[in-house]
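# Structure at a glance
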Amino acid sequence: MRKDINRFLEKRKYDIFTAALKLADRFGLKGITTKKLADEIGFGEGALYKHIKSKSEIFGMILDISEKLLDDEFKRIKIQKLEPEKSLREWFKFAVDYLNDFPGIYRILFTDELYVENEILFIKFKKIIEELRNEFAGIIKKGMEEGEFRKDLNPEITAIRYLGIIHTAFTLWNVFERRKSSFGEVSLPILDEFFMTITERR
């Protein structure tokens, strides 16, 4: 995952990206200050401003990188022409790996406070979520047409339920499990339970 992000960012911006996510994971959104960022990276605040102008720019960069990684993953999955359930499982593995490597991404992307303060970031985040819902709804609809998923499903609502597994699994991993095991180990049973509710059992 880290090498994938390196494709989109020069070294200093990659350092800022990873430092912001580490701080978010340890201290939450308010813990991301320019002083802490500079200390985490290892240079002065003045040098930091040569690469970024504000915290909003950092959050925008994180959203942009996340969107590019998502686009790449959907292209990779489409090329393989997988069955619908396998497609959803592949994307879920990608999301789990991303959050396992950078758990701070969750605290940034899903913090309402960020979007209350910045309408532009909210619009960008909403666009990403809508694109995800539409992609997943299309996969679910295909599964319904092919008899893999139940025909009485609502594809859009089922897609939102699928997205919600990430929230549920992260809470279980972070709060209940206190990260004692890997995110993948915690989330897989929840994903399996989801498929039991939507799959046509023969």
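Residues numbered from 1 in each chain as written. Predicted model: local features only at pLDDT ≥ 70, side-chain atom pairs only at ≥ 80, totals over all residues. Heavy atoms only, no water.

## Concerning the overall build of the protein chain
The number of helices and strands found in the protein chain is 11 helices and zero strands. Walking the protein chain from its N terminus toward its C terminus, one meets helices and strands in the order α-α-α-α-α-α-α-α-α-α-α. Taken against the 2.2 N^0.38 rule, which gives 17 Å for 202 residues, the C-alpha radius of gyration of the protein chain at 18 Å falls within 12% of a compact globule. Projected onto the principal axes, the alpha-carbon positions of the protein chain cover approximately 65 × 30 × 30 Å. When each of the 202 residues of the protein chain is scored for burial, the buried share is 48%. For the protein chain, contacts bridging at least 24 residues in sequence account for 66% of all contacts bridging at least 6. Summed over its atoms, the accessible surface of the protein chain is roughly 11,000 Å², and 54% of this surface lies on carbon and sulfur atoms. Between the mean site of the 37 positive side-chain charges and the mean site of the 35 negative ones, the protein chain shows a separation of 3 Å. (Helix = DSSP H or I, 4+ residues; strand = E, 2+ residues; numbered from the N terminus. Rg over C-alpha atoms; globule rule 2.2 N^0.38 Å. Buried < 20%, exposed > 50% of the residue type's maximum accessible area, 1.4 Å probe, protein only. Contact = heavy atoms within 4.5 Å. Areas by Shrake-Rupley, 256 points an atom, 1.4 Å probe, with all protein chains shown as cover. Lys, Arg positive; Asp, Glu negative; His and termini not counted. Charge placed at Lys NZ, Arg CZ, Asp CG, Glu CD.)

## Topic: the packing of aromatic side chains
In this structure the tally under the stated criterion is 21 aromatic pairs. Ring centres of Phe170 and Phe183 lie 5.7 Å apart, and the angle between their planes is 85°; on these two criteria the pair is classed as edge-to-face. In this pair, Phe170 is assigned in helix H10 (residues 155–176) and Phe183 in helix H11 (residues 183–198), connecting sequence segments 13 residues apart. Comparing Phe170 with Phe183, the two get one shared label, buried. The ring of Phe27 is capped by Lys36, whose NZ or CZ atom sits 4.2 Å from the centre of that ring. (Phe/Tyr/Trp six-rings, centres within 6.5 Å; stacked < 30°, edge-to-face > 60°. Lys NZ or Arg CZ within 6 Å of the ring centre and 35° of its normal.)

## Quick look at helix H2 (residues 11–27)
Between the first and last C-alpha of H2 there are 24 Å, a value that for 17 residues agrees with the 24 Å anticipated at 1.5 Å per step. Along H2, the residues that are buried comprise Tyr14, Asp15, Ile16, Phe17, Thr18, Ala19, Ala20, Leu21, Leu23, Ala24 and Asp25. Positive phi appears at Gly28, one or two residues downstream of H2, with a value of about 85°. (Expected span 1.5 Å × (residues − 1).)

## Describing the pattern of salt bridges
In the structure shown here, the tally under the stated rule is 20 salt bridges. The salt bridge partner of Asp72 is Arg7, with a shortest N-O separation of 2.8 Å. A residue pair is termed long-range when its members are at least 10 positions apart, and Asp72 in helix H5 (residues 55–80) and Arg7 in the loop between helix H1 (2–6) and H2 qualify at 65 residues. With its nearest N and O atoms 2.9 Å apart, the salt bridge here joins Lys93 to Asp97. Of this pair, Lys93 and Asp97 both sit in helix H6 (residues 84–101), four residues apart, which is roughly one turn of that helix. Its relative accessible area of 30% is what places Asp97 among the partly exposed residues. Look at the salt bridges and you will find they share partners, linking Glu73, Arg76, Lys86 and Glu90 into a network. (Salt bridge = Lys/Arg side-chain N within 4 Å of Asp/Glu carboxyl O.)

## A closer look at unusual backbone geometry
Here the phi dihedral of Arg178 falls at roughly 55°; this positive angle occurs in a residue that is not glycine. By the secondary structure assignment, Arg178 is in the loop between H10 and H11.

## Some words on helix H9 (residues 119–145)
Here H9 is 27 residues long and its end C-alpha atoms lie 38 Å apart, about the 39 Å a rise of 1.5 Å per residue gives. All of the buried residues in H9 are Leu121, Phe125, Ile128, Leu132, Phe136, Ala137, Ile139, Ile140, Gly143 and Met144. A positive phi of about 85° marks Gly147, the residue just after H9.

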